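Notes for the structure review
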Amino acid sequence: GISDAERVQAGRLPNPHFAIGRFTEGSKVEIERFLKFDVLGLLTLPWRAQWAGQQSELARLQAAQDVVRTAADTRRAWVRAVAAQQTARYMRDVKEAAEAGAELARRMTRVGNWSRLQLAREQAVLQQASAQRARARLAAATEREQLNRRMGLWGLQAQYQLANQLPTLPATPLPADGIEATALRERLDVQAARRQLDTQATRQGWS
């Protein structure tokens, strides 16, 4: 918006300046009038308007590039948050299974069917599963907070429900014919670089 306002301002004629003065000396009165006009600004008006238009177009491309980058980063943060949530849910099931295995080991050891070594192994598996679940829950909370920051949410706004799982992969890959040329043609950073090159070429008088 600022760049567009500068573009509009650059395309307008400079305002003239009018001044009037009154001087008295005894019974004599002298009146002076001045009218100033920026002739140099008028002569350079087409160049300034063209340059401001190029800067406005460059600013628009840069702003669009920032928006696309923010959206892509937010999408990646959402994927990481959902994946971390799935991992935490999976580690909860693993811990529950390890608890069942440890309880079975205690009972089998109590009746003499298992040795203490087997009981210790099951308890070690339970401890490892508990530690992994704690790390998974911490990772899930961290990724969710990163997603909140990307979306600018806080307080009650952050009490949303994530998807239960990531979307399934497509059955067939997308056609790759001309994908590189399309990417180079539609990338906003490439378009911005071309605008900068055109601006520099115009200023330097390159053909």
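The notes below deal with the structure included here. What you are looking at is a predicted structure, and each value in this text was computed from that prediction instead of being measured. (Residues numbered from 1 in each chain as written. Predicted model: local features only at pLDDT ≥ 70, side-chain atom pairs only at ≥ 80, totals over all residues. Heavy atoms only, no water.)

**Observations concerning the overall build of the chain**
Scanning the chain from terminus to terminus reveals six helices and two strands. Helices (α) and strands (β) of the chain occur, in sequence order from the N terminus, as α-β-β-α-α-α-α-α. For 207 residues, the compact-globule estimate of 2.2 N^0.38 gives 17 Å, and the chain exceeds it by more than 25% at 35 Å. Seen through its principal axes, the chain has C-alpha atoms that stretch 130 × 60 × 25 Å. Across the 207 residues in the chain, those meeting the buried criterion constitute 19%. (Helix = DSSP H or I, 4+ residues; strand = E, 2+ residues; numbered from the N terminus. Rg over C-alpha atoms; globule rule 2.2 N^0.38 Å. Buried < 20%, exposed > 50% of the residue type's maximum accessible area, 1.4 Å probe, protein only.)

**Thoughts on the environment of Leu35**
Among the secondary structure elements, Leu35 is positioned in strand β2 (residues 28-36). On the basis of relative accessibility, which here comes to 67%, the residue Leu35 falls in the exposed class. Distance from Leu35 to His17, taken between C-alpha atoms, is 5.8 Å for residues 18 residues apart in sequence. If near-sequence neighbours (up to four positions away) are discounted, Leu35 is found in contact with Pro16, His17 and Phe18. (Contact = heavy atoms within 4.5 Å.)

**As for the side chain of Asn148**
Here Asn148 shows up in helix α4 (residues 116-151). The residues touching Asn148, leaving out its near neighbours within four places in the chain, are Leu153, Ala158 and Tyr160.

**Structural notes on the environment of Thr202**
When you line up the elements, Thr202 lands in helix α6 (residues 188-204). Spatially, the C-alpha atoms of Thr202 and Gln118 are 80 Å apart, while their sequence positions differ by 84 residues.

**Points about the nonpolar core**
Formed by Ala77, Ala81, Val82, Leu147, Tyr160 and Leu162, the largest nonpolar core amounts to six residues. In this view, Tyr160 contacts Arg144, Leu147, Asn148, Met151 and Leu153; residues no more than four positions away in its chain are not counted. Membership of the second largest hydrophobic core comes to five residues, among which are Ala88, Met91, Ala136 and Ala140. (Core = buried A, V, L, I, M, F, W, Y, C linked by side-chain atoms within 4.5 Å.)

**Things to note about the packing of aromatic side chains**
Overall, the coordinates contain zero aromatic pairs when judged by the stated rule. When the ring centre of Tyr160 is taken as reference, the NZ or CZ atom of Arg144 above it lies at 4.2 Å. (Phe/Tyr/Trp six-rings, centres within 6.5 Å; stacked < 30°, edge-to-face > 60°. Lys NZ or Arg CZ within 6 Å of the ring centre and 35° of its normal.)

**Concerning the packing of helix α3 (residues 45-110) against α6**
Helix-helix packing is described using two parameters, namely the angle between the two axes and the distance between the axes. Between α3 and α6, whose axes approach to 9 Å, the crossing angle comes to 165 degrees. Put simply, α3 runs roughly antiparallel to α6. Crossing handedness for the pair α3 and α6: left-handed. Every residue of α6 that contacts α3 at Gln50, Trp51, Gln54, Gln55, Glu57, Leu58, Leu61, Gln62, Ala64, Gln65 and Val68 is listed here: Leu188, Asp189, Gln191, Ala192, Arg195, Gln196, Thr199, Thr202 and Arg203. The residue inventory of the contact of α3 with α6, partitioned by class, reads seven nonpolar, nine polar and four charged. (Axes fitted to C-alpha atoms, helices over the stretch in contact; angles between N-to-C directions. Parallel < 35°, antiparallel > 145°, perpendicular 65-115°, else oblique. Left-handed = near helix turned anticlockwise from the far one by under 90°. Nonpolar A, V, L, I, M, F, W, Y, C, P; charged D, E, K, R; others polar.)

**Here's the deal with the pairing of strand β1 (residues 17-25)**
As paired strands, β1 and β2 are joined by nine bridges and run antiparallel to one another. Residue pairing in the sheet places Gly21 in a bridge with Glu32 of β2. In this antiparallel pair of consecutive strands, β1 and β2, the connection spans two residues, and Gly26 shows a positive phi of 70 degrees. (Pairing = 2+ DSSP bridges.)

**Quick look at the pattern of salt bridges**
Using the criterion set out here, one finds 10 salt bridges in the structure. The salt bridge partner of Arg60 is Glu57, with a shortest N-O separation of 2.7 Å. Of this pair, Arg60 and Glu57 are both found in helix α3, three residues apart, which corresponds to roughly one turn of the helix. Using a relative accessible area of 47% as the deciding quantity, one classes Arg60 as partly exposed. Take Glu57: its relative accessible area is 24%, and that puts it in the partly exposed class. (Salt bridge = Lys/Arg side-chain N within 4 Å of Asp/Glu carboxyl O.)

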